[in-house]
Amino acid sequence: MKICIFGAGAIGGYMGAKLAAVGADVSLVARGPHLAALQSKGLTLIEDGHMTTHKVRATDDARTLGPQDYVILTLKAHSVPGVVDQITPLLGPDSTLVSGVNGVPWWYFHRIGGVYEGTRLASVDPGDVQWNGFGPDRVLGCVVYPAAEVSEPGTITHVEGNRFSLGEPSGEKSARALHLSAALTAAGLKAPVRPRLRDEIWVKLWGNLSFNPISALTHATLDVLCTDPGTRAVARAMMIEAQVIAEKLGVIFPIDVDRRIDGGAAVGAHRTSMLQDLIAGRPMEIEALVGSVAELGRLTHTPTPSIDTVLALIRLRALSAIS
Ligand SMILES: NC(=O)C1=CN([C@@H]2O[C@H](COP(=O)(O)OP(=O)(O)OC[C@H]3O[C@@H](n4cnc5c(N)ncnc54)[C@H](OP(=O)(O)O)[C@@H]3O)[C@@H](O)[C@H]2O)C=CC1
Ligand SMILES: CC(C)(CO)C(=O)C(=O)O
């Protein structure tokens, strides 16, 4: 089974190291100093205080790798539309594209059934470049739970978690989903195949939608923003609006908003990825995590005053960060 991880930074590097450790046929697409380190020194993973280094096939030119059985995208959401042409050489007629990217996925309305079937999302797929370039039939959804970081070029430090939930847009337990699940499980990861992956997408998104921009706007860590009465109320209001939207789309939430916020608080003094990106001067995943939910609000005729307010603030914060 040939697996390529495109955008092998923190999450892709973590998955790549776990696969390489068990001898899987895995290739990594990366760039810059991180790629140079992967090629010269190998991929190092620091996990539970142990350091392991793996020789890996790594390139910045996917054309040299050819068609794969699985292409796992672990880019930041805003990076994907611009690199569709770089990814397509990895795709043969039977290749599966696994979308390991946070936020509302561009394929959300593929095989969902009902009145919204086939709806495209401009916030995450402007110009439909992913829908038209990849084709939604080859997509297998993935919700990424581990936390990891590129601690230096070529080195991934795992923080916590090892679950990558998988799911077909149709909810089927397909052979392609089960085969990838088996490969990831053999690498020591948790990879359940879920019949209702969209429910999990929303539970994760609940936090990213609210905690991430609030943290970037306030520079507060999760424990603080989830317990401060003012910011907790903002997060809660955003999450309730999102819940109304999601339930109109058929989602069933297994927990309530307060439990989700308490879960965020329990993570502790963690800077969300959006705050980390802001501090590092990198683009933030604003449209995939927040703009997409505002777009779904309009689609489902759901008022989203809290989400719109925070979205306006974080968009302007991003512009101010650039200039
Ligand atoms: N890190 C985490 O703990 C978690 C992340 N996620 C989600 O997972 C996804 C991936 O995040 P993460 O792993 O942190 O992101 P990273 O930025 O660490 O990894 C993406 C990598 O892709 C590289 N890249 C970008 N464009 C190209 C290109 N054209 N060719 C080759 N390489 C390229 C980046 O290089 P460069 O640095 O040069 O841009 C970077 O190394 C995001 O949606 C994120 O929200 C979800 C849960 C937790
Ligand atoms: C905030 C957290 C931990 C969960 O919402 C996260 O996923 C992120 O930092 O992007």
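Preceding this section is the structure that the text describes.
The rules we used
Residues numbered from 1 in each chain as written. Chains lettered and ligands numbered in written order. Predicted model: local features only at pLDDT ≥ 70, side-chain atom pairs only at ≥ 80, totals over all residues. Heavy atoms only, no water. Near = heavy atom within 4 Å. Polar contact = N/O pair within 3.5 Å; in protein donor to acceptor, adjacent residues only side chain to side chain. Areas by Shrake-Rupley, 256 points an atom, 1.4 Å probe, with all protein chains shown as cover. Helix = DSSP H or I, 4+ residues; strand = E, 2+ residues; numbered from the N terminus. Nonpolar A, V, L, I, M, F, W, Y, C, P; charged D, E, K, R; others polar. Buried < 20%, exposed > 50% of the residue type's maximum accessible area, 1.4 Å probe, protein only. Pairing = 2+ DSSP bridges.

## Let's talk about the site of ligand 1
So, point 1. In the vicinity of ligand 1 lie 22 residues, with Ala10, Ile11, Arg31, Asn102 and Glu285 positioned nearest.
So, point 2. Note that an oxygen atom of ligand 1 is positioned 2.9 Å from one of the backbone N or O atoms of Ala148.
So, point 3. Contact with the protein chains removes 80% of the 890 Å² of surface that ligand 1 exposes when unbound.
So, point 4. Contributions of two or more residues to the shell around ligand 1 are made by helix 1 (10–21) and strand 9 (147–152).
So, point 5. Per-class residue counts for the shell around ligand 1 are 12 nonpolar, 6 polar and 4 charged.

## Describing the pairing of strand 3 (residues 43–47)
So, point 1. Most of strand 3 is tucked away, with 4 of its 5 residues classed as buried.
So, point 2. Here 5 bridges tie strand 3 to strand 4 (residues 50–54), and the two strands are oriented antiparallel to one another. Of the residues in strand 4, the one forming a bridge with Leu45 is Thr52.
So, point 3. Joining the antiparallel neighbours strand 3 and strand 4 is a turn of 2 residues, in which Asp48 adopts a positive phi near 50°.
So, point 4. Note: strand 3 against strand 10 (residues 155–160), 3 bridges, orientation parallel. In the strand pairing of strand 10, Ile46 is matched with Thr157.

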